[in-house]
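Structural characterization, general
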Amino acid sequence: MLRRTVALLACLLGAAAPSLQSPAADPAAKSVPATDPAAKSASATHRVGLVPLRIEARLEGVFESPNMVELRLDPRRLTQLVVTEAVPHGTRVGKGDVVVTVETDKLDDSIRDLEIGIRLADLTHSLMERELAALEKATPRQLEFASRARRIAEEDLKRYEEKEQALATAANDANLKMSTFSRENAEEELAQLEKMYEQDDLTEETEAIVLKRARFQAEVARLYETFARDNHERSTTLGLPRRLDSIRKTAEAAILDQEHAAATLPLALDKLRLELEKSTNERRKAAAQLADLKTDRRRLPLTAPTDGVVYYGRWRQGKWIDGEAAAQRLRPGAPLDPREPVITIVGGGKLHLRSVVAEKDLGRMPVNAVAKVAPRAFPEPPLVGRVRSVSSVPIGPGRFEAVIDLTDERPHLVAGMEADVRVVADFRPEVLAVPRKAVFVEELDDAKRYVLVVPEPGKDAVKRTVAVGRANDELTEITAGLAVGEEILLEKPAPARKEPAAAKADPVAKPEADKVPAAANTPAATPAASSK
């Protein structure tokens, strides 16, 4: 029961504690929350005054010549070259001087073979043109002849079947009858003569001759009849059927020939026309290839397009790239891709500087801004320049390109050397500015800024909203809210440390005692300890 009474008393004292605090703790006073006394005494301050403010960007750049020409063949047909000799890196050359020599024997052979091939193609094309002209004239005639042959064959077949076949059969029969009649007539005449002459007792010599002749004629007539019968039988069984079949086959062949001619001759003519067109296109391509190869050949060996110094590699966005790789590709016997530049001729002219600008520094790089350029090889005295241009689009993630013109020259500087650059965007000799770390951002409104003003030594800092202007890496301009001579904190004070609660013997009463540290000094806590 006693323990519960002590705990209740401690809770009542903790609830009444805020009403006993000082009025300075009111949040409306915008004072900084209570801090650790040790931390308060150690907080660094800054007295506000007028100081010079310089807005600048620090860059790294590379010197670049206005006359830089990449040496490349830009071939029309060549895809591979073999290096025989190349001038060393850093050699000064004049316009037209040989820089890279390559093997050309295979190229010359290709040109000669192509020239011969083009002449042969011209002859073949000429023959095709003449053949086409002849075929264009012959095709209609051949079609006409085929149609005529078909018509004649069909007419012959029709006539033979309708008339000549019967006439041939009748003529064959008539020949046999004629032979039979001749034989019979000769035999009858011989019989009559023999019968007439047998009645005479004496046969005259003339009568003997007549009888001899008659016997011979009868014999010949019998022979002719035999032949006639054989011919009749042959004609009936073989000759006439074969004749009919031959006429039919001839008609069929004529029909097939005519159909074949009608189907193929126009196609053959079209094919020849297409072949002639293809030949024309191939001759045109061969002529173009020959012209391209001759153009490539005229560009060999590679010569300097301008006066200058030979640099191995390429110049890209203020950097030399592929220098070592180019040296390997320019070794004698090494293969060289003619489409890829491996040498840059750096000509004369006033050098300028090419730099990469970080995105955060774009606001510090206005055009025509003054730049201080310190070449790394000869930093003193620095050169003076002006920003010529800044790229409107990034050249990489968070990177932009700037070009800086130099107002003076230095004889020992060459393209490719590096320099440190300071571009002054703005300079004010007297500006109310404070260290950047002393300006804080409102947690609930990141568009607002504030500082912690120390009204008097030993008192809590007061939060005050300020308006800011331009800033560099160290200082921020204050345009409103502060006055010269005021003192501000450089850092936010550390939060106050809580006093350690008095140790309690009663574990039940310990959480309540932690909430109200002052209860440990009250008399009510004594009975709890003694009862324990």
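Before any of the text, the structure's been laid out above.
Since the model is a prediction, treat every value here as computed from it, not as a measurement.

1. Comments concerning the overall build of the protein chain
For the protein chain, the count of helices and strands is 7 helices and 22 strands. The burial tally for the protein chain puts 31% of its 532 residues in the buried class. Relative to all contacts within the protein chain whose residues are 6 or more apart in sequence, the contacts with residues 24 or more apart total 77%.

2. Looking at a nonpolar patch on the surface
Judged by side-chain polarity, Ile 116, Leu 120 and Leu 123 come together as a nonpolar surface patch covering roughly 300 Å² of accessible area. Within the secondary structure layout, Ile 116 lies in helix α3 (residues 105–198).

3. Points about the pattern of salt bridges
Following the criterion strictly, the structure yields 43 salt bridges and no others. For Arg 47, the salt bridge is made with Glu 487, and the minimal N-O distance between the two is 3.4 Å. One end of the pair, Arg 47, is in strand β1 (residues 45–47); the other, Glu 487, is in strand β22 (residues 487–489), and 440 residues separate them in sequence. Overall, Arg 47 belongs to the exposed group, its relative accessible area being 53%. We note a salt bridge from Arg 464 to Glu 486, for which the minimum N-O separation is 2.8 Å. Taken together, the residues Arg 464 in strand β20 (residues 462–471) and Glu 486 in the loop between β21 (475–480) and β22 connect sequence positions 22 residues apart. When salt bridges with common partners are traced through the structure, they connect Arg 183, Glu 184, Glu 187, Arg 222, Glu 225 and Arg 229 into a single cluster.

4. With respect to the sheet that holds strand β3 (residues 68–71)
Across the sheet, 4 strands lie side by side as β3-β12-β8-β5; this open sheet has antiparallel pairing. Of all strands in the sheet, those with a lone pairing partner are β3 and β5 (92–93), marking the two edges. As defined by bridge partners, strand β8 (residues 308–312) adjoins strand β12 (residues 343–346) across 4 bridges and the pair is classed as antiparallel. From the neighbouring strand, Tyr 312 faces β12, where its bridge partner is Ile 343.

5. Focus: the environment of Gln 258
One can find Gln 258 in helix α4 (residues 205–298). Each C-alpha atom, one on Gln 258 and one on Arg 151, is 9.6 Å from the other, the two residues being 107 residues apart in sequence. Apart from the residues within four sequence positions on either side, Gln 258 is in contact with Ala 146, Ser 147 and Arg 150.

6. Observations regarding the side chain of Arg 314
Position of Arg 314 relative to the elements: it lies in strand β9 (residues 314–316). A polar side-chain atom of Arg 314 sits 2.6 Å from a polar atom in the side chain of Asp 322. With sequence-adjacent residues up to four places away left out, Arg 314 is seen in contact with Glu 70, Lys 319, Trp 320, Ile 321, Asp 322, Pro 341 and Thr 344.

7. What to know about empty space enclosed by the protein
Summed over all chains, the structure comprises 1 cavity of 30 Å³ or more. Of the voids in this model, the largest cavity is the one considered here, and its volume is about 80 Å³. Leu 71, Leu 302, Leu 336, Glu 340 and Val 342 are the residues nearest the centre of the largest cavity, which is lined by 13 residues in total. Here the residues of the lining of the largest cavity are counted per class, giving 10 nonpolar, no polar and 3 charged.

8. Brief notes about the packing of aromatic side chains
Counting across every chain of the model gives 3 aromatic pairs. With a centroid separation of 4.7 Å and an interplanar angle of 20 degrees, the aromatic rings of Tyr 311 and Trp 320 are classed as stacked. On the basis of relative accessibility, which here comes to 27%, the residue Trp 320 falls in the partly exposed class. With 4.9 Å between their ring centres and 70 degrees between their planes, Trp 315 and Trp 320 make a pair best called edge-to-face. Judged by its relative accessible area of 11%, Trp 315 is buried. Within the aromatic cluster, the residues linked to one another by ring pairs are Tyr 311, Trp 315 and Trp 320. Above the plane of the ring of Tyr 450 lies Lys 463, whose end atom (NZ or CZ) is 4.5 Å from the centre.

9. Observations concerning the environment of Val 99
Structurally, the position occupied by Val 99 is in strand β6 (residues 98–102). Considered as a pair, Val 99 and Pro 88 are 11 residues apart in the sequence and their alpha carbons are 8.8 Å apart. Not counting chain neighbours up to four residues away, the residues in contact with Val 99 comprise Leu 71, Glu 85, Ala 86, Val 87, Leu 302, Thr 303, Ala 304, Val 310 and Ile 343.

10. A look at unusual backbone geometry
The peptide bond linking Leu 300 to Pro 301 adopts the cis configuration, its omega dihedral lying at -5 degrees. Checked against the element boundaries, Pro 301 lands in the loop between α4 and β7 (302–303). A cis amide bond links Glu 380 to the next residue, Pro 381, at an omega of -10 degrees. The residue Pro 381 is located in the loop between β14 (370–375) and β15 (383–390) in this model.

What counts and what doesn't
- Note that residues are indexed from 1 along each chain, following the sequence as it is written.
- Only residues with pLDDT of 70 or above have their local features reported here, since the model is predicted, and side-chain atom pairs are shown and tallied only from 80 upward, although totals for entire chains, interfaces and linings are computed over all residues.
- Calculation of side-chain values draws on the structure's entire complement of heavy atoms; hydrogens and water are dropped beforehand.
- In this description a helix means any DSSP run of H or I spanning at least four residues, a strand means any run of E spanning at least two, and both kinds are numbered starting from the N terminus.
- A 1.4 Å probe rolled over the protein chains alone gives each residue an accessible area, and that area as a share of the maximum for its type sets the label: buried under 20%, exposed over 50%, partly exposed in between.
- Contacts are residue-level and defined by heavy atoms, with any inter-residue pair within 4.5 Å sufficient.
- Residues enter patches when they are more than 30% accessible in relative terms and free of salt bridges; like-charged ones are connected within 9 Å and nonpolar ones (Val, Leu, Ile, Met, Phe, Trp, Tyr) within 5 Å.
- Values of accessible area rely on a 1.4 Å probe in the Shrake-Rupley scheme; residue burial ignores everything except the protein chains shown.
- The term salt bridge refers to a pairing of a side-chain nitrogen on Lys or Arg with a carboxyl oxygen on Asp or Glu at a separation within 4 Å.
- A strand pair is defined by DSSP finding two or more bridges across the two strands.
- Contacts described as polar in this section are N or O atom pairs within 3.5 Å, which, within protein, must combine one atom able to donate a hydrogen with one able to accept it, while residues neighboring in sequence count only if both atoms come from side chains.
- Grid points spaced at 1 Å and placed over the protein atoms alone form the basis of the search, with a cavity being a set where a 1.4 Å probe fits but cannot get out and a pocket an open set showing protein on both sides within 12 Å along at least five of seven lines. Lining residues have an atom within 4 Å of a point.
- Grid points are joined across faces, edges and corners, and a volume is the space filled by probe spheres set on the points.
- Residues are grouped as follows: Ala, Val, Leu, Ile, Met, Phe, Trp, Tyr, Cys and Pro are nonpolar; Asp, Glu, Lys and Arg are charged; all remaining types, including Gly, are polar.
- Two rings from Phe, Tyr or Trp (for Trp, the six-membered ring) form a pair when their centres are within 6.5 Å of each other. A pair whose planes differ by under 30 degrees is stacked, one over 60 is edge-to-face, and the rest are tilted.
- The rule for a charge over a ring is simple: NZ of Lys or CZ of Arg within 6 Å of the ring centre, and within 35 degrees of the ring normal.

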